[in-house]
Amino acid sequence: MLVMVGGIYLGFTFWLFLLIVSLGLWEFYRIMLGEGNLTAKIYGTAIGVLVYTSLAWVFTPNFFPFSLPSSGRPDSLAMLLPGFIVVLIIELFRKHPDPIKNISTAVFGWLYVAMPFALGYVMEAQADKAMPFLVVLFILIWCNDTFAYLTGRLIGRTPLFTRISPKKTIEGTLGGALISMLAAWLLKENLLFPLSHGIVFPLLTGLTVAIMGVLGDLVESKFKRQLQIKDSGNILPGHGGILDRFDSFILVVPSIYMLLQLADLFIIKCAK
């Protein structure tokens, strides 16, 4: 946590996330494709890193030596299509017995790992606040996780999702959500909403972090149950793998990004 916050404060977010994406993609393909199938792991990870870098290039051109004519426009995402075509061609010439699994796993890895971190970097690069926006986001996630655990231990009685995570309770989830919303309101000056001085959008931010953080954890827990593994990896001794550490972040960031777009539309509509 300290390394993450320090890296963001020092302006190394792009490179820090690039490392996380690289390790996270390799970890994802290792658990999804098994110990063999090295070719699919290599091209999935390499192209996924390019997906992350391409999105950063499109939406934050000032970071790079030169920018695209259509930087920041949705049609710029068409530049990601060559990666998908490359995967199709590679599998065409391979003799692997299950090319559909390789292709779908590769693309899912880009969506699940590379794109959330790219969106996180984009939001951070576009922010101009006293406290980095990503630091605020990590604080909200930490508040939600910590107080959901503490509330669950103290008063948790009603299981939330027994089939996937027997220890999670409804009481704990509500406790984490309330603290996350309170923390978002206290840190509202550092959020990205134009109307951040109000109460609605900060509370929605905290609630979104709480809901999507829990869902992110449950999604990864379901993956691990199907694969019959305890942790996604062991790169962080005592803490599991990259995906274990960032499972909440992976769903929180796209959700916050969409919430920001909806807020912009709402503000534009109200201004007319």
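Here, the structure is the one placed above.
Calculation notes
- Residues numbered from 1 in each chain as written.
- Predicted model: local features only at pLDDT ≥ 70, side-chain atom pairs only at ≥ 80, totals over all residues.
- Heavy atoms only, no water.
- Helix = DSSP H or I, 4+ residues; strand = E, 2+ residues; numbered from the N terminus.
- Buried < 20%, exposed > 50% of the residue type's maximum accessible area, 1.4 Å probe, protein only.
- Contact = heavy atoms within 4.5 Å.
- Areas by Shrake-Rupley, 256 points an atom, 1.4 Å probe, with all protein chains shown as cover.
- Phe/Tyr/Trp six-rings, centres within 6.5 Å; stacked < 30°, edge-to-face > 60°.
- Lys NZ or Arg CZ within 6 Å of the ring centre and 35° of its normal.
- Polar contact = N/O pair within 3.5 Å; in protein donor to acceptor, adjacent residues only side chain to side chain.
- Core = buried A, V, L, I, M, F, W, Y, C linked by side-chain atoms within 4.5 Å.
- Salt bridge = Lys/Arg side-chain N within 4 Å of Asp/Glu carboxyl O.
- Pairing = 2+ DSSP bridges.
- Expected span 1.5 Å × (residues − 1).
- Bend = angle between axes of the 7 residues up to and from the residue.

**Let's talk about the overall build of the chain**
Here is step 1 of the chain: A count of helices and strands for the chain gives 9 helices and 2 strands.
Here is step 2 of the chain: Taken from N to C terminus, the helices and strands of the chain fall in the order α-α-α-α-α-α-β-β-α-α-α.
Here is step 3 of the chain: Sorting the 272 residues of the chain into buried and exposed places 47% on the buried side.
Here is step 4 of the chain: Of all intrachain contacts in the chain linking residues separated by at least 6 positions in sequence, the fraction that spans at least 24 positions is 67%.
Here is step 5 of the chain: Of the roughly 14,400 Å² of accessible surface on the chain, 70% is carried by carbon and sulfur atoms.

**Thoughts on the packing of aromatic side chains**
Here is step 1 of the chain: For the coordinates displayed, the defined rule picks out 16 aromatic pairs.
Here is step 2 of the chain: Where Phe-138 meets Phe-246, the ring centres are 6.4 Å apart and the plane angle is 70°; that geometry is what we call edge-to-face. Taken together, the residues Phe-138 in helix H6 (residues 133-155) and Phe-246 in helix H9 (residues 242-271) connect sequence positions 108 residues apart. You'll find Phe-138 and Phe-246 in the same group, each marked buried.
Here is step 3 of the chain: Taken together, the ring pairs connect Phe-17, Phe-117, Phe-138, Phe-246 and Phe-249 into an aromatic cluster.
Here is step 4 of the chain: The side chain of Lys-188 reaches across the aromatic face of Trp-185, ending 4.5 Å from its centre.

**Examining the side chain of Asp-217**
Here is step 1 of the chain: Within the secondary structure, Asp-217 is located in helix H8 (residues 200-227).
Here is step 2 of the chain: Reaching out from Asp-217, the side chain makes a polar contact with the side chain of Lys-168 at a distance of 2.3 Å.
Here is step 3 of the chain: With sequence-adjacent residues up to four places away left out, Asp-217 is seen in contact with Lys-168 and Asp-247.

**Some details on the nonpolar core**
Here is step 1 of the chain: With 63 residues, the main nonpolar core has Phe-17, Tyr-52, Phe-117, Leu-137 and Phe-249 as its most contacted residues.
Here is step 2 of the chain: Elements with a contribution of two residues or more to this core: helix H1 (2-9), helix H2 (13-33), helix H3 (38-59), helix H5 (99-126), H6, helix H7 (170-186) and H9.
Here is step 3 of the chain: The residues touching Phe-249, leaving out its near neighbours within four places in the chain, are Phe-17, Pro-116, Phe-117, Leu-134, Leu-137, Phe-138, Ile-141 and Pro-254.

**Re the environment of Phe-28**
Here is step 1 of the chain: Take Phe-28: it is sitting in helix H2.
Here is step 2 of the chain: Residue class for Phe-28 comes out buried when judged on its relative accessible area of 1%.
Here is step 3 of the chain: Distance in space between the C-alpha atoms of Phe-28 and Lys-41 is 8.9 Å, their sequence separation being 13 residues.
Here is step 4 of the chain: Setting aside its immediate chain neighbours within four residues, Phe-28 contacts Thr-105, Phe-108, Gly-109, Tyr-112, Val-113 and Leu-243.

**Focus: the pattern of salt bridges**
Here is step 1 of the chain: Taken as a whole and assessed by the stated rule, the structure comprises 4 salt bridges.
Here is step 2 of the chain: Note that Asp-217 and Lys-168 form a salt bridge whose closest N and O atoms lie 2.3 Å from each other. Highlighted residues: Asp-217 in helix H8 and Lys-168 in strand S2 (residues 165-169), separated in sequence by 49 residues.
Here is step 3 of the chain: Asp-217 sits in the buried class, given a relative accessible area of 19%.
Here is step 4 of the chain: Residue Lys-168 is classed as partly exposed on the basis of its relative accessible area of 22%.

**Here we look at the pairing of S2**
Here is step 1 of the chain: One ladder, built from 2 bridges, connects strand S1 (residues 159-161) with S2; its direction is antiparallel. In the strand pairing of S2, Phe-161 is matched with Ser-165.
Here is step 2 of the chain: As consecutive antiparallel partners, S1 and S2 are separated by 3 residues.

**A look at H5**
Here is step 1 of the chain: Compared with an ideal rise of 1.5 Å per residue, which puts 28 residues at 40 Å, H5 spans 39 Å between its outermost C-alpha atoms and is within 8% of the ideal.
Here is step 2 of the chain: Ala-114 marks the point of greatest bend in H5, at about 35°, and the proline Pro-116 comes within the next four residues.

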